[in-house]
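Structure at a glance
So the chains spell out like this:
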Amino acid sequence: MNDDVAIRARGLTKRFGTLTAVDNVDLTVRKREVYGFLGPNGSGKSTTIRMLCGLMRPTAGEIDVLGYKIPRDAEALKRRIGYMTQRFTLYEDLTVGENLDFLAAVHELTRAAARTRITELLERFWLADRRNQLAGTLSGGQKQRLALAGTVLHKPDLLFLDEPTSAVDPQSRREFWESLFELADMGTTLLVSTHYMDEAERCTRLAILDHGRVVADGTPHDLMANLPGRTLLVEADKPREAQRSLKDLPGVIAMAQIGTSLRVLAKAGADFEQQVAERMKSAGLVAQVHAIAPNLEDVFVVATSNSKDTNHAAA
């Protein structure tokens, strides 16, 4: 495997009976990247991560992680990676410090090394003043920072984070991501699954998963720049009526009301703006129609709608 590649998977597949949870996924994650998995619940994100970690055996496919063949070398890989889920998995009836002391013992750190490392992590993740507080009494954001401190205690080269911020408030999410970028700056590779668009936009590169397949892959900028079709903003005096009047217009993929405006995503070409304006006029609505830059949510909608079309055709 290329020395600059942290994760390489080819043809990765996982079946549970007749259900295909992960379907022939190819994946390449470079070292020191913050690589994102974006997808709805049930899209295969967690199953893929568990296979990459060596926690679940694939039905088919090849996996190389940090030079280890998985699942064959899964036990050896454990010393080089960290794995964190959305669920708080530390001991709520132990203090912050006691939790980290326990994990240090699990990782067989010497007392001196553990003391130094724990002090460093408590400072880095804004928990120094919480050292003697029971973990169960922390806020959601503090619990996630403690879980992250425990995950990186042994200085792993690669972190797998499975929807780590799904249960915390927006401010805590921003703080958590600042911690992730600090780790990336220090050379850690991160693979983060999320269903938040703003988090996906922060990633160096990302894959959009749907029905167990990678339906888009690239940098957020490139995915948005290369989105086919048109994204329009319709500013109408009656946005709900505008939405109803456009419902059967050929080429419309999706519509969403944003305040008093309507965001319209379409497969159609450059003349679509005029088609929308004419439909507004024929419906007796006062409206202004503008072409606007696509966002990552537009990419997600197009990619997953194409996936549904493919699945329907295959059926």
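Just above, that's the structure.
Below is a short write-up of the structure.

Cut-offs used in this document
Residues numbered from 1 in each chain as written. Predicted model: local features only at pLDDT ≥ 70, side-chain atom pairs only at ≥ 80, totals over all residues. Heavy atoms only, no water. Pairing = 2+ DSSP bridges. Helix = DSSP H or I, 4+ residues; strand = E, 2+ residues; numbered from the N terminus. Axes fitted to C-alpha atoms, helices over the stretch in contact; angles between N-to-C directions. Parallel < 35°, antiparallel > 145°, perpendicular 65-115°, else oblique. Left-handed = near helix turned anticlockwise from the far one by under 90°. Contact = heavy atoms within 4.5 Å. Nonpolar A, V, L, I, M, F, W, Y, C, P; charged D, E, K, R; others polar. Phe/Tyr/Trp six-rings, centres within 6.5 Å; stacked < 30°, edge-to-face > 60°. Buried < 20%, exposed > 50% of the residue type's maximum accessible area, 1.4 Å probe, protein only. Patch = residues over 30% accessible without salt bridge, like charges linked within 9 Å, V, L, I, M, F, W, Y side chains within 5 Å. Areas by Shrake-Rupley, 256 points an atom, 1.4 Å probe, with all protein chains shown as cover. Salt bridge = Lys/Arg side-chain N within 4 Å of Asp/Glu carboxyl O. Disulfide = S-S within 2.5 Å.

**Examining the sheet that holds strand β13 (residues 261-266)**
Here we have four strands laid out as an open sheet, ordered β12-β13-β11-β14, and antiparallel in their pairing. Looking at which strands have only one partner, the edges of the open sheet turn out to be β12 (252-258) and β14 (287-291). Averaged over neighbouring strand pairs, the angle between their axes works out to 20 degrees when direction is ignored. As paired strands, strand β11 (residues 230-236) and β14 are joined by five bridges and run antiparallel to one another. Residue leucine 233 lies in a different strand from β14, and its bridge partner there is histidine 290.

**Examining the packing of helix α5 (residues 140-151) against helix α6 (residues 170-185)**
Geometry of a packed helix pair, given as the angle between the helix axes and the separation of the axes. Remark: α5 packs on α6, axes separated minimally by 9 Å, with the N-to-C direction vectors making an angle of 15 degrees. When the axis of α5 is compared with that of α6, the two are roughly parallel. Here α5 runs over α6; the crossing is right-handed. Listed contacts from α6 to Gly141, Gln144, Arg145 and Leu148 of α5 are Ser172, Glu175, Phe176, Ser179, Leu180 and Leu183.

**Description of the packing of helix α9 (residues 239-246) against helix α10 (residues 272-282)**
Remark: α9 packs on α10, axes separated minimally by 10 Å, with the N-to-C direction vectors making an angle of 115 degrees. Relative to α10, the element α9 lies roughly perpendicular. Between α9 and α10 lies a crossing of right-handed hand. Only Val276, Arg279 and Met280 of α10 make contact with α9, whose side of the interface consists of Ala242, Ser245 and Leu246. The class makeup of the residues in the contact of α9 with α10 is four nonpolar, one polar and one charged.

**Comments concerning the packing of aromatic side chains**
Scanning the model with the defined rule gives three aromatic pairs in all. Geometrically, the ring pair formed by tyrosine 35 and phenylalanine 37 is edge-to-face, given 6.2 Å between the ring centres and 75 degrees between the ring planes. Its relative accessible area of 0% is what places tyrosine 35 among the buried residues. Here phenylalanine 37 falls in the buried class, since its relative accessible area comes to 1%. With a centroid separation of 5.8 Å and an interplanar angle of 50 degrees, the aromatic rings of tryptophan 177 and phenylalanine 181 are classed as tilted. Taken together, the residues tryptophan 177 and phenylalanine 181, both in helix α6 and four residues apart, mark about one turn of the helix.

**Some thoughts on a nonpolar patch on the surface**
A cluster of nonpolar side chains, Tyr91, Phe102 and Val106, forms an exposed patch at the surface whose accessible area comes to about 290 Å². For valine 106, the position within the fold is in helix α3 (residues 96-106).

**Concerning the state of the cysteines**
Tallied over the full model, the rule gives zero disulfides. You can see cysteine 53 has no disulfide; the closest cysteine sulfur is in cysteine 203, sitting 16 Å from it. Judged by relative accessible area, which is 4%, cysteine 53 ranks as buried. On the basis of relative accessibility, which here comes to 5%, the residue cysteine 203 falls in the buried class.

These figures capture arrangement, not role.
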